[in-house]
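Remarks on the overall topology
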Amino acid sequence: MASRSVGSRCWAIAEGYIPLDKAPNDDPRLMSHESACMLNTNDQDAQVTLTLYFKQREPAGPYRVVVPARRTMHLRFNDLTDPEPVPRDTDYATLIESDIPIVVQHTRLDSRQAALALLSTIAYAGD
């Protein structure tokens, strides 16, 4: 069965922030994080780059990932280390570029309080 191509090659997430905190009960699954949830419905792997923009410093990146064909990837920004770790307690925005169309959704888990907050929204797509 041939896959259908959906999405865009350029996505912008204007809101980004990872607080300085520890996971409740030291459970790493509940640590505050930002994620880019990417869907590749194509029959070929997507070569994806992320560039982070800041208010008072030069951009970071590119960070490079591969989203396999007909697969999804939930990429935690906390796990990005090359070319540098994503700074904590710092506002940033992200530009995500792919060589083929993909779908991107932005998710944040904020665990600084006992009542966890989860935010999820689709990113802006533009070609």
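The structure displayed is predicted, hence computed values, not measured ones. (Residues numbered from 1 in each chain as written. Predicted model: local features only at pLDDT ≥ 70, side-chain atom pairs only at ≥ 80, totals over all residues. Heavy atoms only, no water.)

Along the protein chain, the regular secondary structure elements total zero helices and eight strands. The order of helices and strands in the protein chain, counted from the N terminus, is β-β-β-β-β-β-β-β. Going through the 127 residues of the protein chain one by one, you find that 42% of them count as buried. A total of about 7500 Å² of accessible surface is found on the protein chain, and carbon and sulfur atoms cover 51% of it. (Helix = DSSP H or I, 4+ residues; strand = E, 2+ residues; numbered from the N terminus. Buried < 20%, exposed > 50% of the residue type's maximum accessible area, 1.4 Å probe, protein only. Areas by Shrake-Rupley, 256 points an atom, 1.4 Å probe, with all protein chains shown as cover.)

The amide bond that connects Gly61 to the next residue, Pro62, takes the cis arrangement and shows omega of 5°. Along the chain, Pro62 falls in strand E4 (residues 60-67). Omega for the peptide link from Asp82 to Pro83 comes to 25°, which places this bond in the cis form. Along the chain, Pro83 falls in the loop between strand E5 (71-76) and strand E6 (92-110). Phi at Arg70 is positive, roughly 55°, even though this residue is not glycine. When you line up the elements, Arg70 lands in the loop between E4 and E5. One non-glycine residue with positive phi stands out, namely Asp89, at about 55°. Along the chain, Asp89 falls in the loop between E5 and E6.

Moving on, we get to the nonpolar core. Counting 23 residues, the largest nonpolar core has Val48 and Phe77 as the members making the most contacts within it. Elements with a minimum of two residues in this core: strand E1 (8-16), strand E2 (33-40), strand E3 (46-54), E4 and E6. Every residue in contact with Phe77, bar those within four places of it in the chain, is listed here: Ile18, Glu34, Ser35, Ala36, Leu50, Leu52, Val86, Tyr92 and Thr94. (Core = buried A, V, L, I, M, F, W, Y, C linked by side-chain atoms within 4.5 Å. Contact = heavy atoms within 4.5 Å.)

To continue, consider empty space enclosed by the protein. With the rule as written, the count across this model stands at one cavity of 30 Å³ or more. What lines the largest cavity is Ile13, Glu15, Gly16, Glu34, Phe77, Tyr92, Thr94 and His106. If you list the elements that add at least two residues to the lining of the largest cavity, you get E1 and E6. Here the residues of the lining of the largest cavity sort into three nonpolar, three polar and two charged. (1 Å grid on protein atoms, 1.4 Å probe; cavity = no way out; pocket = protein on both sides within 12 Å on 5 of 7 lines; lining within 4 Å. Points joined across faces, edges and corners; volume = space filled by probe spheres on them. Nonpolar A, V, L, I, M, F, W, Y, C, P; charged D, E, K, R; others polar.)

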